[in-house]
Amino acid sequence: MTHTVAAVPEVGAEIPRVLRALEGVGLVARATSSTIPAGSAQAALLEGAIDLLLAPGTAGDHLDPGVWAAATLSRGEPGDVLVPREPSDQTLQSLAPGSRIAVSGRRRSSFLRVHRRDVEPVPLPPGRSPVDLLEDPSVEGAVLSLTEARRLGLSARTTESLDIRSWVPAPAQGITVVLCRPADREARRALASLDDGVAQAALQAERAAGRSLGLGPDATAGVVALPQGRWMRIFGMVASADGRRMVRGDVTSTAEGPAAAGRTLAELLLARGAGSLLPGEAA
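As the structure is a computational prediction, the values presented were derived from the model and not from experiment.

*Asks:* Describe the nonpolar core, with residues and values.
*Replies:* Generally speaking, soluble globular proteins have nonpolar side chains that are buried together. Membership of the largest hydrophobic core comes to 34 residues, with the highest contact counts inside it found for Leu22, Leu52, Leu54 and Leu191. Those elements that place two or more of their residues in this core are β1 (3–7), α1 (15–24), α2 (38–46), β3 (52–56), β4 (68–72), β10 (176–180) and α6 (185–192). Those residues in contact with Leu52 that lie beyond four places of it in its chain are His3, Thr4, Val5, Ala6, Leu22, Leu27, Leu45, Val178, Leu179, Cys180, Ala187 and Leu191. If you look at the next biggest cluster of nonpolar residues, it comprises 23 residues, including Ala202, Val223, Ala255 and Leu265.

See below:
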């Protein structure tokens, strides 16, 4: 049986890697001709239009009945990067006062205000790509995830990888999961060999922290876990939408209890006042 593989656009670049890995474990698979919108992707899986679905790590919080998260792929660089409009060696700190920087999401907008009060975030309109705004001469650059920069062919233009300790990525940023139907035992066996324990531990910690903080899909907050051997260090940052207030924290724990580490981080951030920064904030 040949298994068909599809992805939501955000993680479509991962398909070749998954196909090579599946070939290595003896599962015959082929990619569909295009990506599938996130809103209809799990339905396509359930209806049998596809057999395997690549989705962002956050999909694990919103699985339809009858969908199984079979593997968490190894994680690349989870952070955000700066992409100037024109070729340069600009960094976040070297941007001229008054520069306009394209951002997607409230987290990046608020974090930009935290780091540079004199720089203006330009929210990405729905349905628009950062590439569109980078063609606007009034915009000096864009901040986006490294994963998205690669997908859009912008990685060669990046001039700075933002420090994930002070510009903390969104929970599960850079993590891809592979979904299948629970009854597909052949796929589940093959995908089990692709499951990366380090990425899985990070995902569990970040999701636990996000749930404990009550983070919505576009919160002004970031959480990132960095497992190393038997230890894990997890960083969190929460900012007000205007960037005037911010709390940060990190905890170190054993990697055997990633969810507990995430909850501990959330408790630390809440004790420092993070709860007052999240609800009712306007971008």
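*Asks:* Please provide a residue-by-residue account of helix α8 (residues 258–271), values included.
*Replies:* Counted at 1.5 Å a residue, the expected span for α8 with its 14 residues is 20 Å, and the 20 Å between its end C-alpha atoms agrees. Listing the buried residues of α8 in full gives Pro258, Ala261, Gly262, Leu265, Ala266 and Leu269. Considered in projection along α8, the buried side chains sweep an arc of 140° and stay on one side of the axis. Exposed residues pointing more than 90 degrees away from the buried face of α8 are listed as Glu267 and Ala271. On its buried face, α8 sits against α7 (197–213), β11 (221–228), β12 (231–239) and β13 (246–254). Just downstream of α8 lies Gly273, where phi reads positive at about 105°.

*Asks:* Talk me through the packing of aromatic side chains; I want residue IDs and the actual numbers.
*Replies:* Across all of its chains, the model carries one aromatic pair by this definition. Between the aromatic rings of Phe111 and Trp167, the centroid separation amounts to 5.9 Å while the plane-to-plane angle is 90°, which identifies the pairing as edge-to-face. Taken together, the residues Phe111 in helix α3 (residues 106–115) and Trp167 in the loop between β9 (160–161) and β10 connect sequence positions 56 residues apart. An identical accessibility class is assigned to Phe111 and Trp167; each is buried. Sitting above the plane of the Trp68 ring, Arg188 keeps its charged end 4.1 Å from the centroid. Taking NZ or CZ as reference, Arg230 lies 4.7 Å from the ring centre of Trp231, over its face.

*Asks:* Give a description of the sheet that holds β13 that names residues and reports values.
*Replies:* With antiparallel pairing, the three strands of this open sheet are ordered in space as β11-β12-β13. Two strands in the sheet have a free side with no partner beyond their single neighbour: β11 and β13. Each neighbouring strand pair of the sheet contributes to a mean axis angle of 10°, computed without reference to strand direction. Where β11 and β12 come together, eight bridges link them in antiparallel fashion. Directly across from Val223, in β12, lies its bridge partner Gly236. Sheet strands touched by α7: β11 and β12. Its angle to β11, the strand with the most contacts, is close to 150°. Against the sheet, α8 contacts β11, β12 and β13, and its axis sits at roughly 150° relative to β13.

How each quantity is defined
- Residues numbered from 1 in each chain as written.
- Predicted model: local features only at pLDDT ≥ 70, side-chain atom pairs only at ≥ 80, totals over all residues.
- Heavy atoms only, no water.
- Core = buried A, V, L, I, M, F, W, Y, C linked by side-chain atoms within 4.5 Å.
- Buried < 20%, exposed > 50% of the residue type's maximum accessible area, 1.4 Å probe, protein only.
- Helix = DSSP H or I, 4+ residues; strand = E, 2+ residues; numbered from the N terminus.
- Contact = heavy atoms within 4.5 Å.
- Expected span 1.5 Å × (residues − 1).
- Arc of directions from axis to C-beta.
- Phe/Tyr/Trp six-rings, centres within 6.5 Å; stacked < 30°, edge-to-face > 60°.
- Lys NZ or Arg CZ within 6 Å of the ring centre and 35° of its normal.
- Pairing = 2+ DSSP bridges.
- Axes fitted to C-alpha atoms, helices over the stretch in contact; angles between N-to-C directions.

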